[in-house]
Number of protein chains: 2
Amino acid sequence: MTPTLIDIRAAAQRIKPYAHRTPVMTNESLNQQVSAQVFLKCENLQKVGAFKFRGACNAVYSLTAEEAARGVCTHSSGNHAAALALAARMRGIPAYIVMPNNAPSVKKNAVAGYGGLITFCEPTLAARENALERISLDTGANVVHPYNDEHVITGQGTAALELLEDVPDLDVIIAPVGGGGLLSGTAIAATELKKEIRVIAGEPEMADDAFRSVIAGSIIPSNNPKTIADGLLTSLGTLTFPIIQDRVEQIITVSEMGIIASMKFIWERAKIIIEPSSAVAIGVLWEKKIDLSGLKIGVILSGGNVDLEKLPWHK
Amino acid sequence: MTPTLIDIRAAAQRIKPYAHRTPVMTNESLNQQVSAQVFLKCENLQKVGAFKFRGACNAVYSLTAEEAARGVCTHSSGNHAAALALAARMRGIPAYIVMPNNAPSVKKNAVAGYGGLITFCEPTLAARENALERISLDTGANVVHPYNDEHVITGQGTAALELLEDVPDLDVIIAPVGGGGLLSGTAIAATELKKEIRVIAGEPEMADDAFRSVIAGSIIPSNNPKTIADGLLTSLGTLTFPIIQDRVEQIITVSEMGIIASMKFIWERAKIIIEPSSAVAIGVLWEKKIDLSGLKIGVILSGGNVDLEKLPWHK
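Reading guide: rules and limits
- Residues numbered from 1 in each chain as written.
- Chains lettered and ligands numbered in written order.
- Predicted model: local features only at pLDDT ≥ 70, side-chain atom pairs only at ≥ 80, totals over all residues.
- Heavy atoms only, no water.
- Helix = DSSP H or I, 4+ residues; strand = E, 2+ residues; numbered from the N terminus.
- Rg over C-alpha atoms; globule rule 2.2 N^0.38 Å.
- Contact = heavy atoms within 4.5 Å.
- Areas by Shrake-Rupley, 256 points an atom, 1.4 Å probe, with all protein chains shown as cover.
- Lys, Arg positive; Asp, Glu negative; His and termini not counted.
- Charge placed at Lys NZ, Arg CZ, Asp CG, Glu CD.
- Domains from an automatic or database assignment.
- Buried area = accessible area lost by both parts, 1.4 Å probe.
- Salt bridge = Lys/Arg side-chain N within 4 Å of Asp/Glu carboxyl O.
- Buried < 20%, exposed > 50% of the residue type's maximum accessible area, 1.4 Å probe, protein only.
- Polar contact = N/O pair within 3.5 Å; in protein donor to acceptor, adjacent residues only side chain to side chain.
- Pairing = 2+ DSSP bridges.
- Axes fitted to C-alpha atoms, helices over the stretch in contact; angles between N-to-C directions.

Enquirer: Before we move on, can you summarise the overall build of chain A with the specific residues and values?
Expert: For chain A, the count of helices and strands is 13 helices and ten strands. For 315 residues, the compact-globule estimate of 2.2 N^0.38 gives 20 Å, and the C-alpha radius of gyration of chain A, at 18 Å, lies within 12% of that figure. Considering only contacts within chain A whose residues lie at least 6 apart along the sequence, 73% involve residues at least 24 apart. Carbon and sulfur atoms provide 52% of the accessible area of chain A, an area that totals close to 12000 Å². Across chain A, the 29 positively charged side chains and the 32 negatively charged ones have centroids separated by 4 Å.

Enquirer: Talk me through the domain arrangement of chain A; I want residue IDs and the actual numbers.
Expert: All names here are of chain A. On domain assignment, one finds that chain A holds domain 1 (5-49 + 153-310) and domain 2 (53-143). Summarising the inter-unit geometry, the C-alpha centres of domain 1 and domain 2 are found 23 Å apart. Contacts between domain 1 and domain 2 engage 23 residues on the former and 18 residues on the latter. At the boundary of domain 1 with domain 2, total buried surface from both sides reaches about 1700 Å², with 55% on carbon and sulfur atoms. In this structure, the connection of domain 1 to domain 2 is made through two salt bridges.

Enquirer: Hey, could you go over the side chain of K47 of chain B for me, with residue numbers and the actual values?
Expert: Checked against the element boundaries, K47 of chain B lands in the loop between β2 (37-42) and α3 (52-62). Despite being buried, K47 of chain B has no salt bridge partner; E28 of chain A is the closest side chain of opposite charge, sitting 4.2 Å away. A polar contact of 2.6 Å, which involves the side chain of K47 of chain B, links it to the backbone oxygen of Y18 of chain B.

Enquirer: So what's going on with the sheet that holds strand β6 (residues 142-143) of chain A? Which residues, and what values?
Expert: Residue and element names in this part refer to chain A. Across the sheet, which stays open at both edges, the four strands sit in the order β5-β4-β3-β6 with parallel pairing between neighbours. The two strands at the open ends of the sheet, each matched to only one other strand, are β5 (117-121) and β6. Bridge analysis of strand β4 (residues 95-100) against β5 gives five bridges, and the strand direction is parallel. Residue Y96 lies in a different strand from β5, and its bridge partner there is L117. Contacts from helix α5 (residues 79-91) reach β3 (72-75) and β4, with the element oriented near 170 degrees to β3.

The following block contains the structure:
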């Protein structure tokens, strides 16, 4: 069953005691730069610094007491892992996290800091899945997939729900796409709340598997992509892909230059820290491949976890 | 006449149509780190990225139409200049700005971007004052001093007024001190609203002229100080010093290491950009020279204008 607006509303109630209702910011310099009225949904200010907390929290609190007692487990390049670790700690259950050994140190530290029990593995999908399966079999922990999970999708959709409560007359809503959890949740919430709204995704040119999947009509896996947007390396899932096919108007690819320029502009002008994956959504406006001028545009800033020692504009 | 709470309330009304009411943020990681409940008044999210807009705006809109027509002028290392330029542009009058030729490029660009008419000079107080006097004589423009000006002081005090409206039960309020405009305005607002509140200032160890002035009982000018907190290089003024003597409990000096560590922590955990001068106020809590544990503490984050090409934690 595809998740519905009812599920997203239920998720919003479920996570309300635990997640922040993040602010919606506006910035005049940005509006001038992109010739539109932009409303930034600041999931970089969410717990663990990313929207991922919404989905993880919804998944953890959807478990029965008996299920929950065995804990949760996942593999993730970072933000989902931190989110699941914190949500599990809040519920008082263990979180077993499989992480690639090349994940940014800021993300490793976050997961450990939230009490996640980390197993490192090689940075390949096969290695991650093997490690996860072993842990799940050993402990009986519930696998919470980073995006191909109904509770995760509906949890992520609560950001768009809040954004449209705050700014009901948006013409367009833009989210970045990696595995599609945020995008599919956003698309359900937005199009159910407002039939005529346009849902647009931003994807790195260098990791354009979602763009190609939509054109092909079937999931094309990403093939070892290299982009600064390290949260968007994954391929679409069997749950997220059909929702995106149905409800997303188009996927716009953004160059690495556009991602970096957008990121730096937001840091300099809006004075908030966003990670490259967030900047991909801004990049859709920045590069102006499509004309959205004059419109009211909601942008989901997905997260703010950046290794400050390694900024892209430094030599 | 020393400014009063009535003046600050009048300033708040005067600047209301032009300035942001900035948010007050909290952050659990910070609370844990400093063992207190901290409320961050985000003047980094103010127009021009600094509290300075409040004072400049109050000064510009306090002018009669006849005075205003001749424009305004000042010398400033950056934030006050940008603030005055924007306030003047809003009122449709010229702003003549004297800037040291070694000011960070992000600040130069901001002033130019807001339409300020810049004259560069050598980075000495004498050179700045000479250049300013010449401009003032030539144009008849009203000098708006960066801090030793009643309208500026009362304008700056509006940040604390808002903070205490939002969080009335603060035990302590901390602001950084350079020339003392923000600190004196903050001290008046805070102690008039709440007699028992403790007003504490943070000052760089490497630019500790205010600390030494208070001990000496007379203004000791800063002597070519070198600190990363480039907004706090100036000496106290004849208006700000007596207010600080009367109403500020103590001035705490903060090491360069403490400033940088505080700044990085706020970037990493609170996901907002603050400049080193703001981090000095956090540094008071960070270095724990005095025991403020368990208290409710308001911190004025003075600004967020940073040259992203030159971050202190980069080699």
